[in-house]
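Okay, here's what each chain looks like letter by letter:
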Amino acid sequence: AKYESILTSRPEPGVALVTLNRPKALNALNVALFRELNEALHLIDADKEIGAIVITGSEKAFAAGADIKQMKDKSFADAYQNKFLESWQQIASIRKPIIAAVSGYALGGGCELALMADILLAAPNAQFGQPEVKIGTVTGGGGSQRLTRAVGKSRAMELTLTGRTWSAQEAVAWGMASRVVGEGDGEVVREAVALAAEIAAKSQIAVQAQKEAVNAAFEQGLSEGLRTERRLFHMTFATADQKEGMAAFVEKRKPNFTNS
Ligand code: HXC
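Only a predicted model underlies this, so the values are computations on that prediction, with no experimental measurement involved.

Another point: the sheet that holds strand E7 (residues 119-122). Taken together, 6 strands build an open sheet; the order of strands is E1-E2-E3-E5-E7-E10 and the sheet is mixed. Edge strands, defined here as strands with exactly one partner in the open sheet, are strand E1 (6-12) and strand E10 (179-180). Of the strand pairs in this sheet, strand E5 (residues 98-102) and E7 are connected by 4 bridges, and their pairing is parallel. Bridge assignment links Ala 100 to a residue of E7, and that residue is Leu 120. Across the sheet, helix H1 (residues 31-46) lies against E1, strand E2 (15-20) and strand E3 (52-56), angled at about 180° from E2, the strand it touches most.

The next thing to look at is the site of the ligand. In the vicinity of the ligand there are 24 residues, among which Lys 60, Ala 64, Ala 66, Ile 68 and Gly 109 approach most closely. Here an oxygen atom of the ligand and a backbone polar atom of Lys 24 are 3.3 Å apart. Contacts to the ligand include Ala 64, whose backbone N or O atom sits 2.9 Å from a nitrogen atom. In isolation the ligand offers 1000 Å² of accessible surface; the protein chains occlude 66% of this area. Mapped by element, the contributors of at least two residues to the shell around the ligand are helix H2 (68-71), strand E6 (105-107) and helix H4 (109-116). In terms of residue count, the dominant contributor to the shell around the ligand is H2 (3 residues). Residues belonging to the shell around the ligand are distributed by class as follows: 13 nonpolar, 5 polar and 6 charged.

Rules of the game
- Residues numbered from 1 in each chain as written.
- Predicted model: local features only at pLDDT ≥ 70, side-chain atom pairs only at ≥ 80, totals over all residues.
- Heavy atoms only, no water.
- Pairing = 2+ DSSP bridges.
- Helix = DSSP H or I, 4+ residues; strand = E, 2+ residues; numbered from the N terminus.
- Contact = heavy atoms within 4.5 Å.
- Axes fitted to C-alpha atoms, helices over the stretch in contact; angles between N-to-C directions.
- Near = heavy atom within 4 Å.
- Polar contact = N/O pair within 3.5 Å; in protein donor to acceptor, adjacent residues only side chain to side chain.
- Areas by Shrake-Rupley, 256 points an atom, 1.4 Å probe, with all protein chains shown as cover.
- Nonpolar A, V, L, I, M, F, W, Y, C, P; charged D, E, K, R; others polar.

Right, dumping it as structure tokens:
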């Protein structure tokens, strides 16, 4: 196989499934896994056959965090000069929608990875947490920023200052996850793949521009975000898919999108 720490497959037309695969270490995120994940996501992003991406782990662990064994003896000089975990941010540049299907532990960097996804579906046994404070460090992969935007300041403070875990139900109640899915093994992955297939059947230009527009709500102020949205909206009028989508509506038929 091409990769050692992840598995990639196409469970449905238009859908790429990336499975974190270091089961003995509960999918702890080491440097090699990150390199492979970034490479796989960039290849998938460039693949015209794929419209949406699902990232998952195992039943027991989505990912139990950055690899503590690998980083425990790291020096400041090494971390700073070699930009430790800076490549993490590359995931945020993926254009295609990413759905995280989370079962079991999503702790530390694992929780932060799930927070980087565009849609988060949680299995009933999902357990989220930012326990960095318990091992003498702080969130390093966006937890302080994305978790705070997702659940609000008071909860983000309580969760990160105690390091306590929270449940799938809490994640949904707070708006961090969209829903709790299924009871059976693998149900959350099947549901995520079905959702990805539904998205992949749409105009990919519209889907990707829509993702960009929603992300502007996280990264920009209101007037700048509204301007971004309007520009993207105007831009769609230069696409064949907008002409086809609206013509199909008027002609009472299904659209045939060409991603152009
Ligand atoms: C390295 C890890 C690991 C991790 C688990 N393992 N988490 N190895 N880094 N983050 C390894 C264990 O050492 C063990 O291997 C094996 O996985 C199984 O773990 P156990 O602890 O035996 O399992 P269990 O008793 O079921 O407990 C599960 C757990 C616990 C509650 C998830 O493993 C745990 O607390 N893990 C650490 C969680 C954490 O602190 N994450 C945040 C990391 S800091 P061996 O070979 O020893 O038996 C972080 C910073 C992010 O993420 C920075 C930005 C990216």
